[in-house]
Amino acid sequence: MAPHFALVDVNNFYVSCERVFNPRLEGVPVVVLSNNDGCAVARSNEAKALGIPMGAPWFQMRELARRHRVRVLSSNYELYGDMSGRVVAILRAFSPDLEVYSIDESFLDVAPVLALHGGGSSLGQAIRHRIRQWVGLPVCVGLAPTKTLAKLANHLAKRHPGFGGVCDWAALPAPEQAAWMSGVGVGEIWGVGRRLEPKLQALGLHTVRDLCRADADFLQARFGVVLARVASELRGMPCLDLDTLAEPRQQIIVSRSFGHPVAALAPLQEALAMHAAHAAEKLRADGSVAAAVQVSLHAHPFRTGERHEGAVTLPQPTDDTRLLIRAVRAAAARLYREGCTYRKAGVLLFGLSARERPQGELFDFGEAGRERSARLMAVMDGINRAYGPDTLRSAASGLERPWRMRSGRRSPRYTTCWEELPVVS
DNA sequence: TCTGGGGTCCTAGGACCC
DNA sequence: TCTGGGGTCCTAGGACCC
């Protein structure tokens, strides 16, 4: 059976999560900031209408926001992650063939259940209704025979109220499809970014329709196979499959800007120890081990761009937090330069492989040591899952932690923390 | 003064092999 | 003067996504 894709995407996801628990945010401009309160990463429609762009540095927007009484929030990833999980659980009941594409978007292959729901449009409405009723979030649904067209349909459903939040591309008559394609700029397409857009425009390819009708061999020769696939998908020929099983990651990055600049080695090492511990948690969640770790220290990213980086190959691949912390502390001591003021530090784990088949046994702890390590890590992960992140952590990550990122306007963790449950009075 | 964080895939070029 | 053909693996850089 040919696939029929549905792309379900939550509108202004972070802002919508905040509105579920704080109805006073309805109808007014709301912005959610990135980590360290740096950039605007989510905007309500009212905030978009004020001209606040995605990714805008917040200090540049502050005056505008004050004038228009924009409600500003720090990001609350614990809340958004939990809400995302609830949406995915609902979607799985509609179709088990599901790919979680990002925190607020999933693709489903709905071909087998389309008839059951009386067609794409009513299936889309059923999804919208259930997510609204059970979780409180507004979503839009785009349906089409390829993922790229489903993205396009979703884009139309979001922007044109006439669709009622659901656009079933295949149900539109051909002349209407052509008209919609002519109305969307080439830069809006999934797979065409900031670099490609001007190059395509210079060749006279301005709209989705132009790209759709461009010669496939020409696109392939000029821009590579990625863009050629995009064009094929727009013509209705599926090139991208549903990725239903989440493959373990190939690399794991944890990095954060500091709330305040850091000049001394000790706090740098604390921050890196915490990042290493968080990276190791993700590593174990994937069932992987890392062969190498890279540490990076960033000085003045927007002025000199100065950055000190160094990689360490571990004696053997590991997922043990203690060994990773030891490695990043040593690397930091080597990279650190006296007199330098640092803004950000990061840990990258790479050379990842599955834990079941460790590579190289020559200088191992031996079987007993490996088992002790695995048990200890499992206990630590269990405690932190049950009682919250960082409940049990290495002393190497510091006690005061003055370098921690700014997050002064974070809403309560309504759904994941007993002390912060919403109270109805 | 102040600018996030975490990923993926593809391509070209070099090293190396027979 | 003139120097094959086919492959793999790795890395860096560039593009994209949210």
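Look up: the structure comes first, before these words.
This is a predicted model, so every value here is computed, not measured.

## What about the pattern of salt bridges?
- Using the criterion set out here, one finds 15 salt bridges in the structure.
- Arg67 serves as the salt-bridge partner of Glu63, at 3.9 Å between the closest nitrogen and oxygen. Taken together, the residues span about one helical turn, with Glu63 and Arg67 both in helix α3 (residues 58-67) at a distance of 4 residues.
- For Glu63, a relative accessible area of 42% puts it in the partly exposed group.
- As a salt-bridge pair, Arg410 and Glu420 come within 3.6 Å of each other at their nearest N and O atoms.

## A short note on the protein's contact with DNA strand C
- In the vicinity of DNA strand C lie 14 residues, with Lys151, Gly191, Gly193, Arg195 and Leu196 positioned nearest.
- Here a phosphate oxygen of DNA strand C and a backbone polar atom of Val192 are 3.3 Å apart.
- Between DNA strand C and Leu196 there is a distance of 2.9 Å, counted from a phosphate oxygen to a backbone nitrogen or oxygen.

## A look at the protein's contact with DNA strand B
- Among the 23 residues in the neighbourhood of DNA strand B, the closest are listed as Ser34, Ile253, Ser255, Arg256 and Ser257.
- One of the side-chain N or O atoms of Gln250 is found 3.1 Å from a phosphate oxygen in DNA strand B.
- Within the contact set of DNA strand B, a phosphate oxygen lies 2.6 Å away from a backbone nitrogen or oxygen of Ser257.
- When contributions to the surface near DNA strand B are tallied by element, the ones reaching two or more residues are α11 (225-234), β9 (252-262) and β12 (342-354).
- With 6 residues, the single largest contributor to the surface near DNA strand B is β9.

## Focus: α3
- Among all positions of α3, only Trp58, Met61 and Ala65 are buried. Buried residues along α3 cover an arc of 65° about the axis, so they all sit on one side. In α3, the exposed positions angled more than 90 degrees off the buried face are occupied by Phe59, Gln60, Arg62, Arg66 and Arg67.
- Check the buried side of α3 and you find it contacts β2 (30-33) and β4 (71-74).
- Just beyond α3, the residue with positive phi is Arg69, at close to 55°.

## Things to note about the layout of surface pockets
- The calculated volume of the second largest pocket comes to roughly 1400 Å³.
- Counting residues per element, the ones that place at least two in the lining of the second largest pocket are β1 (5-10), α1 (13-21), β3 (40-43), α2 (45-49) and α6 (147-159).
- Here the lining of the second largest pocket gets 8 residues from one element, more than from any other, and that element is α6.
- Residue classes in the lining of the second largest pocket are distributed as 19 nonpolar, 15 polar and 15 charged.

## Topic: the packing of aromatic side chains
- Applying the stated criterion across every chain yields a total of 11 aromatic pairs.
- Both rings, one in Phe13 and one in Tyr14, keep their centres 5.8 Å apart while their planes meet at 55°; by these two values the pair is tilted. Per residue, the accessibility class of Phe13 equals that of Tyr14, and both read buried.
- On the numbers, 4.3 Å between centres and 10° between planes, the contact of Tyr14 with Tyr80 is stacked. Residue Tyr14 is located in helix α1, and its partner Tyr80 is located in helix α4 (residues 77-94); the two are separated by 66 residues in the primary sequence.

## As for a positive patch on the surface
- A cluster of basic residues, Arg194, Arg195, Lys199 and Arg222, forms a positive patch at the surface.
- A relative accessible area of 48% places Lys199 in the partly exposed class.

## Some words on empty space enclosed by the protein
- Summed over the entire model, instances satisfying the criterion amount to 2 cavities of 30 Å³ or more.
- Ala277, Glu281, Asp390, Leu392 and Arg393 are the residues nearest the centre of the largest cavity, which is lined by 13 residues in total.
- Classifying every residue of the lining of the largest cavity by side-chain character gives 4 nonpolar, 5 polar and 4 charged.
- Of the volumes computed, that of the second largest cavity is approximately 70 Å³.
- Surrounding the second largest cavity, Val8, Asp9, Val10, Phe13, Ser84, Val87, Val88, Leu91, Ile103, Asp104, Glu105 and Ser106 form its lining.
- Of all the elements in the fold, those that place two or more residues in the lining of the second largest cavity are β1, α4 and β6 (105-109).
- With 4 residues, the single largest contributor to the lining of the second largest cavity is α4.

## Some words on the side chain of Asn12
- You can see Asn12 is positioned in the loop between β1 and α1.
- Note on Asn12: relative accessible area 17%, which makes it buried.
- Look past the residues within four positions of Asn12 in its chain and what remains in contact with it is Arg43, Ser44, Asn45 and Lys48.

## Points about the environment of Arg370
- Note on placement: Arg370 falls in helix α14 (residues 367-387).
- In sequence terms Arg370 and Asp320 are 50 residues apart; their C-alpha atoms lie 9.3 Å from each other.

## Topic: the sheet that holds β12
- Strands sit in the order β9-β12-β10-β11 across an open sheet of 4 strands; the sheet is antiparallel. Strands at the two margins of the open sheet, each flanked by one partner only, are β9 and β11 (307-318). Adjacent strand axes in the sheet meet at a mean angle of 15°, parallel and antiparallel pairs treated alike.
- Two strands pair when backbone bridges link them, and strand β10 (residues 288-298) and β12 are joined in this way by 10 bridges, in the antiparallel orientation.

Cut-offs applied
- Residues numbered from 1 in each chain as written.
- Chains lettered and ligands numbered in written order.
- Predicted model: local features only at pLDDT ≥ 70, side-chain atom pairs only at ≥ 80, totals over all residues.
- Heavy atoms only, no water.
- Salt bridge = Lys/Arg side-chain N within 4 Å of Asp/Glu carboxyl O.
- Helix = DSSP H or I, 4+ residues; strand = E, 2+ residues; numbered from the N terminus.
- Buried < 20%, exposed > 50% of the residue type's maximum accessible area, 1.4 Å probe, protein only.
- Near = heavy atom within 4 Å.
- Polar contact = N/O pair within 3.5 Å; in protein donor to acceptor, adjacent residues only side chain to side chain.
- Arc of directions from axis to C-beta.
- Contact = heavy atoms within 4.5 Å.
- 1 Å grid on protein atoms, 1.4 Å probe; cavity = no way out; pocket = protein on both sides within 12 Å on 5 of 7 lines; lining within 4 Å.
- Points joined across faces, edges and corners; volume = space filled by probe spheres on them.
- Nonpolar A, V, L, I, M, F, W, Y, C, P; charged D, E, K, R; others polar.
- Phe/Tyr/Trp six-rings, centres within 6.5 Å; stacked < 30°, edge-to-face > 60°.
- Patch = residues over 30% accessible without salt bridge, like charges linked within 9 Å, V, L, I, M, F, W, Y side chains within 5 Å.
- Areas by Shrake-Rupley, 256 points an atom, 1.4 Å probe, with all protein chains shown as cover.
- Lys, Arg positive; Asp, Glu negative; His and termini not counted.
- Charge placed at Lys NZ, Arg CZ, Asp CG, Glu CD.
- Pairing = 2+ DSSP bridges.
- Axes fitted to C-alpha atoms, helices over the stretch in contact; angles between N-to-C directions.

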